[in-house]
Every structure is written in structure tokens, then in C-alpha cells.
Amino acid sequence: MTNLFNYIERPSLIHRLTGATKLVSMLLWSFAAMLTYDTRFLAFLSVAGIMLFFVGKIRVKDVSFMVGFTLAFLIINTILIYLFSPQHGTQIYGSCTYLTEWTGRYAPTAEQLFYQSNYILKYSATIPVILLFVCTTEPSEFAASLNRIGVNYRIAYSVSLALRYIPDVQQQYYEISKASQARGVEMSKKASLTKRLKAASNILIPLILSSMGRIETIANAMELRGFGKLKKRTWYMARKFRLQDYFSMLISALLLAAALCLNHLNNGRFYNPFT
Amino acid sequence: MKKLSVKTIVAIGIGAALFFVLGRFVAIPSPVPNTNITTQYGLLAFIAAVFGPIAGVLAGLIGHFFIDFSYGWGIWWSWVIASGVFGLAMGIIARKLRISEGEFSGKDIAFFNIEQFAAHLISWVVVAPVLDILIYSEPANKVFIQGLISAISNSITTAIIGTLLCLAYAKAIPKKGSLKEED
């Protein structure tokens, strides 16, 4: 329960970057990978992302659990794409090269194979940086960094409020759920679906209604301390930008620019080896 | 933008925390293997209906972002944004309701449920699939069917949990003019 957000404290270059830098770089990198479908660029991002793991001193063992989740997700999605649209690649690349003699709807084509491997590459280009961000950014610094990149401090503060109250809400949920189960509310697979839904609402209603009281209390306490009266506020977790921060943001911005250039050069988002 | 009230800020924070805990730990196992029925949209509909569209959109965005963040399967911007859109749509239309004044009766229940169904359709059958197609170039029929399934299952849970929540909350609040001078 304590390690909900997978933050791993380790002395490394990436840990020393400020939270704002990591957030900006992660966003720019993700946008770069989202924008293009250029195979070479995605492959480069995947390799670079994995290299960064070594820089950040994050080991495979640390993220194996999360990688497992991602792989399951990826496999389900890949299969679904093939089931729903086995000719999607042909539509995108505008040619049709059958790999076998068979030519039905589900016949494997080179284009579909290429499209689906690009789809997988797209994941592997973004997942490593997001995992790295998750592992190297302390959640409370995250709220401070939101304010740093220009988000209104009132909204950044509600992010840190959420982080502060997640463990409390979780604890309260467990207490209410155990108390209800002791009174015979059945939540497991033995009960029917509608019964389970009703049981869930029996637990959720006291949880949420008591949270409404909590909102009142916290809002009053903040009001009394004059929250929101001034234009700015300082953050305990905020740090100053150093040279390395500017440098990593610059590199990420260049990656995004490269993605845009490639889209222009390829006349579209796809790199097409078939024509 | 109008200055956010302190209460809205706190409601966003607590709402996002609740959304996270429900999404992460209160999944009801469904008959289909490996798919869970999510309960958090009933809560989000309620928060949006009581605290307004800004609270709805931000609680949805922040809560969903943290769910993806803690699972580590990558951040699915298309679905995170769709959660925000659901909160926004609920908040905008629900301004007609007066839940925080203790009023939630037969007509309001019907209105609330038609509204939440429409908001789910907008988020999961329009916003999420269109973003999936734009970002990931996924085949259209796949993402629309995925979206339709989530819209239906989410609106069923919202209908049950959201309605019960609004009823319980409205009942706990004394109605306007409920006090009378003694003769």
C-alpha cells in the first residue's frame, strides 16, 4: 500500500532532474511518438527509451510487474485489431501483398504485418519513458512541477490534495468493506452480478458521504488559512532548474520537431516501404 | 476563467482520490473473464452533479491519470480525456438539478439517468474512439465496439451507484423551508 506509485529512490542523473523537467520531457516524448508512425523513428525512440533505464538505474526487476500488465494489454489489443480489421494495413499502405497462397479476408498480408509491428513499436517507444517517469518522480514533487509548467496553482494544489488523501480514502474503504462483510455483505464471485453491484453501493455510499463531510472540513480549514488570496504560492518540493534540466528539455523538444519533420517528409504519418 | 472557490478545489482533490481508489480497488469481477465492472463513473457523475462542470472535468482527468500512472501500462491520453469529458458533460447538464439543496425526486432521477447515458455515449463512443484513431490509427470498427461496450457497462453502474448516491446525499440535506415557526 505504501508503494502505490512505484517511486524508487536511487542516486542517478534522472532522479536529480526536477519533476517539472521530467514531466515536460515525458509529455514531449509521448507527443513525438503519438504524432508519427515512421518505423525508423519509433525504433530509435524505443532503443533510446530502454537506454535511459540504464541512466536512471532502474532494473528490469523493478518494473517487471508493470511490464507484465503492459504486455497483456498489448497482446489483447493486437489480437483484437487482427480480428476486427485484418485488412487495415492494406488500406493504409495502399497495396496488398499476400504472404501465403490463401487470399481470404483473414489471409496474412505483408502490409498488415508491417502495420501491426509498427503498432507494437509505438507502444515500446512510449512505455519506457512513462515507466521511467513513474519510477523516478516523487508524487508530491509532481504537483509542484505542474505549477511550474504553468498550471494554475489552485489546480496543482488539488492534485496534491488528491495524492494526500488517496491513502486515507483507501484505508477508510477497507474499514467499511470489512465491517460490511462481517455483517454478511457478499462481494465475491459467489453472489450474482446485481447482488454484487448492490453490495458495492452499500460500501460506497457511506464512504462517499463521509468524504463529503471531509470536503467541508478541509475547505473550511483552507479558507481560514487564507488559501487562494494571493496570485502565487511557493512549494516545499520545488527545485531550481539546472543546466541538465534545460538540456533534457531541449533534446525532447528536438525529438518532437524531428517527428513533425518526418511527417512532412513522408507526406503523412506513415513510412511506406511498399511503394 | 472565474476564480475557483476553495470548496471546488477540495472537491476536485477528494473526488480524484475517490475516483482513483474506486477505479483501482473496487472493481467488481464480471462474468466475462479478465474484465471488471468499473464503479468510479457513478461517483464522478455525482461529484459533477453536486460541484459543477469544472470539478467534474478535473476530478475525472486527475483520477484517471493517476490510475494509469499507478498501473504503469502507459498513460492512455485518449481514455483519460474521455473521463474528463464525461465529468464535464455531466456537470454542464446537471446544473438544472438541485441535489445540494436536498431535492432529488422522481423527475430528477429520470433526468439524471438520461443525462448520464448521453454523457457516457459522448465520451466512450465519440471522444475516446476518435482520439484512438487519431493517435494510434487503430481500426475504426474495433475502437467503436470497445467504446460501445464500455459506454453500456459504465452507464449501468452509473445508473445504480450514481442514483443511489444522489438519493442518499439529497436525503441527508434539510430541504429549503423545512423549518416552520411554531404556532
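Residues numbered from 1 in each chain as written. Chains lettered and ligands numbered in written order. Predicted model: local features only at pLDDT ≥ 70, side-chain atom pairs only at ≥ 80, totals over all residues.

(A) The interface of chain B and chain A, seen in detail. In this assembly, 47 residues from chain B lie in contact with 53 residues from chain A. If you list the elements that add at least two residues to the side of chain B that touches chain A, you get α1 (6–25), β1 (28–29), α3 (53–71), α5 (106–136) and α6 (140–172) of chain B. In terms of residue count, α1 of chain B provides more of the side of chain B that touches chain A than any other element does, 14 residues in total. For the side of chain B that touches chain A, the residue count by class is 35 nonpolar, 9 polar and 3 charged. (Contact = placed C-beta atoms within 7 Å. Helix = DSSP H or I, 4+ residues; strand = E, 2+ residues; numbered from the N terminus. Nonpolar A, V, L, I, M, F, W, Y, C, P; charged D, E, K, R; others polar.)

(B) Up close: the packing of α1 of chain B against helix α2 (residues 40–51) of chain B. All names here are of chain B. In contact at an axis separation of 9 Å, α1 and α2 are set at 170 degrees when each is read in the N-to-C sense. Our classification of the angle between α1 and α2 gives roughly antiparallel. Two secondary-structure elements touch here, α1 through Thr8, Ala11, Gly15, Leu18, Phe19, Leu22 and Gly23 and α2 through Gln40, Leu43, Leu44, Ile47 and Phe51. (Axes fitted to C-alpha atoms, helices over the stretch in contact; angles between N-to-C directions. Parallel < 35°, antiparallel > 145°, perpendicular 65-115°, else oblique.)

(C) Seen up close, the nonpolar core. Counting 111 residues, the largest nonpolar core has Ala162 of chain A together with Ala17, Ile47 and Ile62 of chain B as its most contacted members. The biggest single contributor to this core is α1 of chain B, with 13 residues. When residues of this core are assigned to domains, at least three fall in each of domain 1 (13–138 + 238–265) and domain 2 (152–224) of chain A. If you look at the next biggest cluster of nonpolar residues, it comprises 8 residues, including Ile81, Tyr115, Tyr119 and Phe270 of chain A. (Core = buried A, V, L, I, M, F, W, Y, C linked by C-beta atoms within 7 Å. Buried ≥ 20, exposed ≤ 12 C-beta atoms within 10 Å, placed from the backbone. Domains from an automatic or database assignment.)

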